[in-house]
Amino acid sequence: MESIVQLYSDKPGEILNFLNKYFNDSNLKLSDELLWEKHYDNPIEIADIIGTFIENNENYKINMWVSLDKDFFININEYNADKIIRYLYERYRW
């Protein structure tokens, strides 16, 4: 099963600014300025974007949701990010 990361914002351009910094790609284009979704075959890869999101949480008005199991999304925040990253490495030992 694929894992999913979703970013939401009510401020146009905010997600694009964050992703440009995260991917270091100024040519990135979004079809929806207020929503971004990416599917990951390897759930461990999600740890990087969660870490970057939390480190820059004060700079962007964005919400992050992560799905590790079908139809179940977890809101990522400063209180649970570290625990979720640890859980990823415990659950998916690739």
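Preceding block: the structure.
Residues numbered from 1 in each chain as written. Predicted model: local features only at pLDDT ≥ 70, side-chain atom pairs only at ≥ 80, totals over all residues. Heavy atoms only, no water.

Further remarks concern the overall build of the chain. A count of helical and extended segments in the chain gives 3 helices and 4 strands. Over its C-alpha trace the chain gives a radius of gyration of 13 Å, about what one expects of a compact globule, namely 12 Å for 94 residues. Summarising its shape, the C-alpha atoms of the chain cover approximately 35 × 25 × 25 Å along the three principal directions. The buried share of the chain, taken over its 94 residues, is 38%. Intrachain contacts of the chain at a sequence separation of at least 6 include 62% that bridge at least 24 residues. For the chain, the computed accessible surface area is about 6200 Å², with 46% contributed by carbon and sulfur atoms. (Helix = DSSP H or I, 4+ residues; strand = E, 2+ residues; numbered from the N terminus. Rg over C-alpha atoms; globule rule 2.2 N^0.38 Å. Buried < 20%, exposed > 50% of the residue type's maximum accessible area, 1.4 Å probe, protein only. Contact = heavy atoms within 4.5 Å. Areas by Shrake-Rupley, 256 points an atom, 1.4 Å probe, with all protein chains shown as cover.)

Turning to the packing of aromatic side chains, a few remarks are in order. Per the counting criterion, the structure on display carries 5 aromatic pairs. Arranged with centres 6.3 Å apart and planes meeting at 10°, the rings of F18 and Y22 form a pair that is stacked. Pair noted here: F18 and Y22 are both in helix α1 (residues 14-23), with a separation of 4 residues, about one helical turn. Residues F18 and F53 carry aromatic rings whose centres are separated by 6.4 Å and whose planes lie at 90° to one another, so their mutual orientation is edge-to-face. Of this pair, F18 sits in helix α1 while F53 is found in helix α2 (residues 46-55), placing the two residues 35 residues apart along the sequence. (Phe/Tyr/Trp six-rings, centres within 6.5 Å; stacked < 30°, edge-to-face > 60°.)

Take the nonpolar core next. Within the largest apolar cluster, 23 residues are counted, with the highest numbers of intra-cluster contacts made by I46, I50 and M64. Elements with a contribution of two residues or more to this core: β1 (3-8), α1, β2 (35-40), α2, β3 (63-69) and α3 (81-91). No other element matches the 5 residues that α2 contributes to this core. Excluding its chain neighbours within four sequence positions, the residues that come into contact with M64 are V5, Q6, L7, I49, I50, F53, I74, N75 and I76. (Core = buried A, V, L, I, M, F, W, Y, C linked by side-chain atoms within 4.5 Å.)

The 4 strands are arranged β2-β1-β3-β4 in an open sheet whose pairing can be described as antiparallel. Two strands bound the open sheet, and with one partner strand each, they are β2 and β4 (72-76). On average, each strand axis in the sheet is tilted by 20° relative to the strand beside it, whichever way the strands run. Note: β1 against β2, 6 bridges, orientation antiparallel. Bridge pairing in β2 places L7 opposite W36. Against the sheet, α1 contacts β1 and β2, and its axis sits at roughly 35° relative to β2. Its contacts with the sheet place α3 against β3 and β4, and it is angled at close to 25° to β3. (Pairing = 2+ DSSP bridges. Axes fitted to C-alpha atoms, helices over the stretch in contact; angles between N-to-C directions.)

This part takes up the pairing of β4. As paired elements, β3 and β4 share 5 bridges and run antiparallel to each other. Note that in β4 the partner of D69 across the bridge is F72. Counted between consecutive antiparallel strands, the loop separating β3 from β4 contains 2 residues, among which D71 sits at a positive phi close to 65°.

Below, the discussion takes up unusual backbone geometry. Although it is not a glycine, D71 adopts a positive phi angle of roughly 65°. Here D71 falls in the exposed class, since its relative accessible area comes to 67%.

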